[in-house]
Amino acid sequence: MEFLKNLPEQPEKLENLIEIRPGEVVSMALSQVESVPMTLFAIPAGESLRSEMYPGDTLYLCLSGDLEIRREDSTLSLTSGDALVVPAMKSHAVDTKSGAKYLEVSLWNS
């Protein structure tokens, strides 16, 4: 595949492609296109990802568990099936209380 990687060629649930490991944040890149990074994440209970800012809009799709997206002005909660967009150049962090798997997709001009 020229643009995508680590994806099945038969139907499969995205959440089954990655496993939660205690004490470790696991990620798997799905895109080979620099301006469209797509990454699966598996985060164990109580872990978080530090605050980041991306040059493009970023979609978060919670596949299982719970996510909290902490922005400068608010904290938003997501559960399985929920989606949220964080606009370009907005600082935000990701937390989970019970563990989560999610897909993160960013889009920007290269």
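For the structure, see preceding data.
What you see is a predicted model, and the numbers here were worked out from it, not measured in a lab.

Caption draft 1: The overall build of the protein, seen in detail. Scanning the protein from N- to C-terminus turns up zero helices and eight strands. Of the regular secondary structure in the protein, the N- to C-terminal order runs β-β-β-β-β-β-β-β. By the compact-globule yardstick of 13 Å for 110 residues, the protein fits well, its C-alpha radius of gyration being 14 Å. Each principal axis of the C-alpha distribution contributes one length, and for the protein these read about 40 × 35 × 25 Å.

Caption draft 2: The arrangement of the nonpolar core in detail. With 14 residues, the main nonpolar core has Leu-49, Tyr-60, Leu-67, Ile-69, Leu-78, Val-94 and Tyr-102 as its most contacted residues. Among the elements of the structure, strand E2 (38-43), strand E4 (57-71), strand E6 (83-86) and strand E8 (100-107) are those that each provide at least two residues to this core. If we ignore the near neighbours within four places in the chain, the residues touching Val-94 are Ile-43, Ser-48, Leu-49, Tyr-60, Leu-67, Glu-68, Ile-69 and Tyr-102. Core analysis: the second largest hydrophobic core is formed by nine residues, Val-26, Leu-40, Ala-42 and Val-105 among them.

Caption draft 3: Local environment of the pattern of salt bridges. Under the defined criterion, the tally for this structure stands at three salt bridges. Residues Glu-24 and Arg-21 are paired through a salt bridge, measuring 3.3 Å at the closest nitrogen-oxygen approach. Put simply, Asp-95 and Arg-70 hold a salt bridge, and the shortest N to O gap is 2.4 Å. Of this pair, Asp-95 sits in strand E7 (residues 92-95) while Arg-70 sits in strand E4, and the two are 25 residues apart along the sequence. The exposure class assigned to Arg-70 is partly exposed, which follows from its relative accessible area of 37%.

Caption draft 4: Representation of the pairing of E6 within the structure. Only one face of E6 is buried: it carries Leu-84 and Val-86, and the other face, with Ala-83 and Val-85, is open. Across four bridges, E4 lies against E6 in antiparallel orientation. Bridging across to E6, Thr-58 finds its partner in Val-86.

Caption draft 5: Spotlight on the packing of aromatic side chains. A complete count under the given rule lists two aromatic pairs for this structure. Taking 5.0 Å as the distance between ring centres and 15° as the angle between the ring planes, the aromatic pair formed by Phe-41 and Tyr-102 counts as stacked. Taken as a pair, Phe-41 in strand E2 and Tyr-102 in strand E8 lie far apart in primary sequence, 61 residues in all. You can call Phe-41 buried: its relative accessible area is 12%. Look at Tyr-102 and you get buried, because its relative accessible area is 0%. A ring pair is formed by Tyr-60 and Tyr-102, whose centres lie 5.8 Å apart and whose planes are at 45°; its orientation type is tilted.

Reading the values: rules and limits
Residues numbered from 1 in each chain as written. Predicted model: local features only at pLDDT ≥ 70, side-chain atom pairs only at ≥ 80, totals over all residues. Heavy atoms only, no water. Helix = DSSP H or I, 4+ residues; strand = E, 2+ residues; numbered from the N terminus. Rg over C-alpha atoms; globule rule 2.2 N^0.38 Å. Core = buried A, V, L, I, M, F, W, Y, C linked by side-chain atoms within 4.5 Å. Buried < 20%, exposed > 50% of the residue type's maximum accessible area, 1.4 Å probe, protein only. Contact = heavy atoms within 4.5 Å. Salt bridge = Lys/Arg side-chain N within 4 Å of Asp/Glu carboxyl O. Pairing = 2+ DSSP bridges. Phe/Tyr/Trp six-rings, centres within 6.5 Å; stacked < 30°, edge-to-face > 60°.

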